[in-house]
Amino acid sequence: MTRAIVVGKTTTKVAAKPGASPVAKVKSKAREPGKVVATKLPAAMTGRASAAKAKDGDEPVFAYIRSLPQPQRGIAERVDALAARTLPGLKRSVKWGMAWYGVGDGWCFSCGGFAGHVKLTFGRGTALKPVPPVTPIGMGKDSRGVDLESVEELDERQAASWMKQATAIPGFGKKK
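Residues numbered from 1 in each chain as written. Predicted model: local features only at pLDDT ≥ 70, side-chain atom pairs only at ≥ 80, totals over all residues. Heavy atoms only, no water.

Asks: Requested: an account of the packing of aromatic side chains, with residues and values cited.
Replies: Evaluation of the coordinates by the stated rule reveals four aromatic pairs. Pairing Phe 109 with Phe 122 gives two aromatic rings, centres 5.4 Å apart and planes at 40°, and the pair type is tilted. Taken as a pair, Phe 109 in strand β7 (residues 106–114) and Phe 122 in strand β8 (residues 117–122) lie far apart in primary sequence, 13 residues in all. Phe 109 sits in the buried class, given a relative accessible area of 0%. Pairwise contacts between aromatic rings join Tyr 101, Phe 109, Phe 122 and Trp 162 into one cluster. The lysine or arginine in question, Lys 91, covers the ring of Trp 107, its NZ or CZ lying 4.7 Å from the ring centre. Lys 119 extends its terminal NZ or CZ atom over the ring of Phe 114, reaching a point 5.9 Å from the ring centre. (Phe/Tyr/Trp six-rings, centres within 6.5 Å; stacked < 30°, edge-to-face > 60°. Helix = DSSP H or I, 4+ residues; strand = E, 2+ residues; numbered from the N terminus. Buried < 20%, exposed > 50% of the residue type's maximum accessible area, 1.4 Å probe, protein only. Lys NZ or Arg CZ within 6 Å of the ring centre and 35° of its normal.)

The structure is reproduced here in structure tokens:
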């Protein structure tokens with residue numbers, strides 16, 4: 001089996017070792033600091049959306065978004081821009097292979113690219129009004145979100161409302 005690995009604008013086919021995880025293989029190919037390596041996007045949550053390294057800050061999130069293929073990149077760029085316009089004091093991070101967003105003391109929602117869609121997930125989604133329609137696998141029993149297959153599917157007014165509501169609820173990492 002071969003898998004395409006993209007670094008910048010270069011695509012390399014790499015033979016997969018039997019039993020080797022795609023994440024381990026990608027890590028071995030990511031030799032240049034600051035470079036984002038993308039592989040085929042997973043179809044659903046499997047614990048990680050991508051091999052992007054966990055790191056706080058704007059640039060790691062921007063690099064993650066740049067690593068996505070179209071149309072996922074365009075959708076993620078629109079979600080990120082909406083979050084920046086909607087939430088003063090927005091902070092960004094890459095965690096679990098996807099972009100995470102928060103304000104203040106925790107992380108409230110994520111945006112991750114998958115095969116055929118982008119998943120916008122709210123960690124405390126069951127507390128939002130209206131409750132987002134999708135229950136993501138592997139994200140916790142209170143998580144809810146939407147799967148977006150195109151930029152046109154993003155209801156910016158509704159998503160902005162959910163973002164504001166989510167940041168008013170103590171997010172992930174809140175000290176008790």
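Asks: So what about unusual backbone geometry? Which residues, and what values?
Replies: Residue Pro 71 follows Gln 70 across a cis peptide bond; omega there is 5°. Within the secondary structure layout, Pro 71 lies in the loop between α2 (58–67) and α3 (72–86). Following Lys 129, the chain continues to Pro 130 via a peptide bond in cis, the omega torsion being -15°. In this structure, Pro 130 sits in the loop between β8 and β9 (144–148). Of note in the backbone geometry, Trp 96 takes a positive phi value of approximately 50° without being a glycine. Examined against the element boundaries, Trp 96 turns out to sit in the loop between β5 (90–95) and β6 (98–103).

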